[in-house]
Amino acid sequence: MKKILVPIDFSENADRALAAAKLMGSPADIQLIILHSYQPYVPDATVPAGVGALPIENGTEEAFRNRLEEYVARARSEGYQAEGIWAVGGIHPAVFEAIEEHRPDMVVMGRTGSGGFLDKLIGSSTTKIALDAPCPVLIVPPQSEPKAIRKVVYATQLEHDEINILRKVMRNVEHWGAQLTFLKIRGAVQPNIQPDHQYIEEIQTVFGVPAESFVIREADSVRGGIEAYCDEVGADLLIVSARQRTFIEAYITNPSVTKKLILDTHIPVLVYHMKDDDRL
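Calculation criteria
Residues numbered from 1 in each chain as written. Predicted model: local features only at pLDDT ≥ 70, side-chain atom pairs only at ≥ 80, totals over all residues. Heavy atoms only, no water. Pairing = 2+ DSSP bridges. Helix = DSSP H or I, 4+ residues; strand = E, 2+ residues; numbered from the N terminus. Axes fitted to C-alpha atoms, helices over the stretch in contact; angles between N-to-C directions. Contact = heavy atoms within 4.5 Å. Buried < 20%, exposed > 50% of the residue type's maximum accessible area, 1.4 Å probe, protein only. Parallel < 35°, antiparallel > 145°, perpendicular 65-115°, else oblique. Left-handed = near helix turned anticlockwise from the far one by under 90°. Salt bridge = Lys/Arg side-chain N within 4 Å of Asp/Glu carboxyl O.

K.L.:
Explain the sheet that holds strand E7 (residues 179–186) to me, please; I cannot follow it from the model alone.
P.N.:
As a general point, the strands of a sheet are linked pairwise by backbone hydrogen bonds and lie either parallel or antiparallel. The ten strands are arranged E3-E2-E1-E4-E5-E10-E9-E6-E7-E8 in an open sheet whose pairing can be described as mixed. Where the open sheet ends on each side, the last strands, each with one partner, are strand E3 (81–88) and strand E8 (214–218). Neighbour-to-neighbour, the strand axes of this sheet turn through a mean angle of 25°, independent of strand direction. With three bridges connecting them, strand E6 (residues 151–155) and strand E9 (residues 237–242) associate as parallel partners. Its bridge partner being in E9, Tyr154 is matched across the sheet by Ile239. Packed on one face of the sheet, helix H8 (residues 222–233) meets E6, E7, E8 and E9 and runs near 150° to E7.

If you want it as structure tokens, here you go:
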């Protein structure tokens, strides 16, 4: 049975994330760990009483605890093995504490916001979790409606050995009964050092993937090219892999396409990590 951690804030985006988690397999295949991180109201002592103050709802914590219990009960009524986690404080430490304790195979999160200036500058909590988590993280954007996964696009640079990641990807794709396409976008600023054919041949040899499963296209923007192709083929899921990079790569020569996709794309994104252990 696969464990899936789903942080929720009782918003529509959280509902989408939970619905997407349930689509990862049948109720018999999945254990849902539903997390809510409660942030208590802390009054600002520097603001005079009655000036711009928001009304404090009595029983808010109890109400949220009850809602978490309702989510768990609903999942159980649908046949899923489910449990709730109540945490207090920021979502980022709560998620990582839950990962450490429960060792989920995947985290599924709804993305809030539109990837605006502040998100791009410092990164949202969702982005940080997606990039730093020791397990795969599925990001469900607010524009998407969760549905059965039939078409999967795996975006690759064909610049690094990704066989270990692909073993996990292939297991999932087979489990979903989905069609997988390997996509490389050659952008104006994207490094293109290693010959593509060596990695294509290795993937074909290891996994028996047909040549028509590989698509290579030119585009001004790598992210734009990936999204355009996913829209063209009606992809249900985009998979990317993140790797640890040097400071120069991260901020100067090769800003992360993965981070941009997490922040902005309208397609659900499943992020694997080169440092992942052998999980989902």
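Additional details are given in the paragraphs that follow.
K.L.:
Could you clarify how one ought to interpret the pairing of E9 in this entry?
P.N.:
Taken residue by residue, a regular strand's side chains alternate between the two faces of the sheet. Burial analysis of E9 places six of its six residues in the buried class, which makes it a mostly covered element. Burial along E9 is two-sided: the residues Leu237, Ile239 and Ser241 and Leu238, Val240 and Ala242 are all buried. The pairing of E9 with strand E10 (residues 269–273) spans five bridges and is classified as parallel. If you follow Ala242 over to E10, its bridge partner there is His273.

K.L.:
Sorry if this is basic, but what is going on with the packing of helix H6 (residues 163–176) against helix H7 (residues 196–207) here?
P.N.:
Describing two packed helices takes the angle between their axes plus the distance from one axis to the other. For the pair H6 and H7, interaxial distance at closest approach is 11 Å and the crossing angle is 45°. Taken as axis vectors, H6 and H7 run oblique relative to one another. Here H6 and H7 pass one another in a crossing that is right-handed. Along its contact with H6, which presents Ile163, Leu166, Arg167 and Met170, the element H7 presents Glu202, Ile203, Val206 and Phe207.

K.L.:
I would appreciate a short explanation of the pairing of strand E4 (residues 106–110) in the present structure.
P.N.:
Along E4, five of the five residues are buried, which leaves the element largely enclosed by surrounding structure. With burial as the criterion, each face of E4 is covered, one bearing Met106, Val108 and Gly110 and the other bearing Val107 and Met109. Examined bridge by bridge, strand E1 (residues 2–7) and E4 share two bridges and lie parallel to one another. Each bridged residue has a counterpart across the sheet, and for Leu5 the counterpart in E4 is Val107. Here four bridges tie E4 to strand E5 (residues 137–140), and the two strands are oriented parallel to one another. Looking at E5, one finds that Gly110 is bridged to Val140.

K.L.:
Explain the pattern of salt bridges to me, please; I cannot follow it from the model alone.
P.N.:
Side chains that differ in sign of charge can pair as their charged atoms come close. Inspection of every chain in the model, using the stated rule, returns twelve salt bridges. Asp236 is paired through a salt bridge with Lys147; the nearest N and O atoms lie 3.3 Å apart. Within this pair, whereas Asp236 is found in the loop between H8 and E9, its partner Lys147 is found in the loop between E5 and E6, the two being separated by 89 residues in sequence. A relative accessible area of 12% means that Asp236 is categorised as buried. For the salt bridge of Arg186 with Glu218, the shortest nitrogen-to-oxygen distance reads 3.6 Å. Here Arg186, found in strand E7, pairs with Glu218, found in strand E8; they are 32 residues apart in sequence, far enough to count as distant. Several salt bridges share partner residues, and in doing so they unite Lys184, Arg186, Asp196 and Glu218 into one network.

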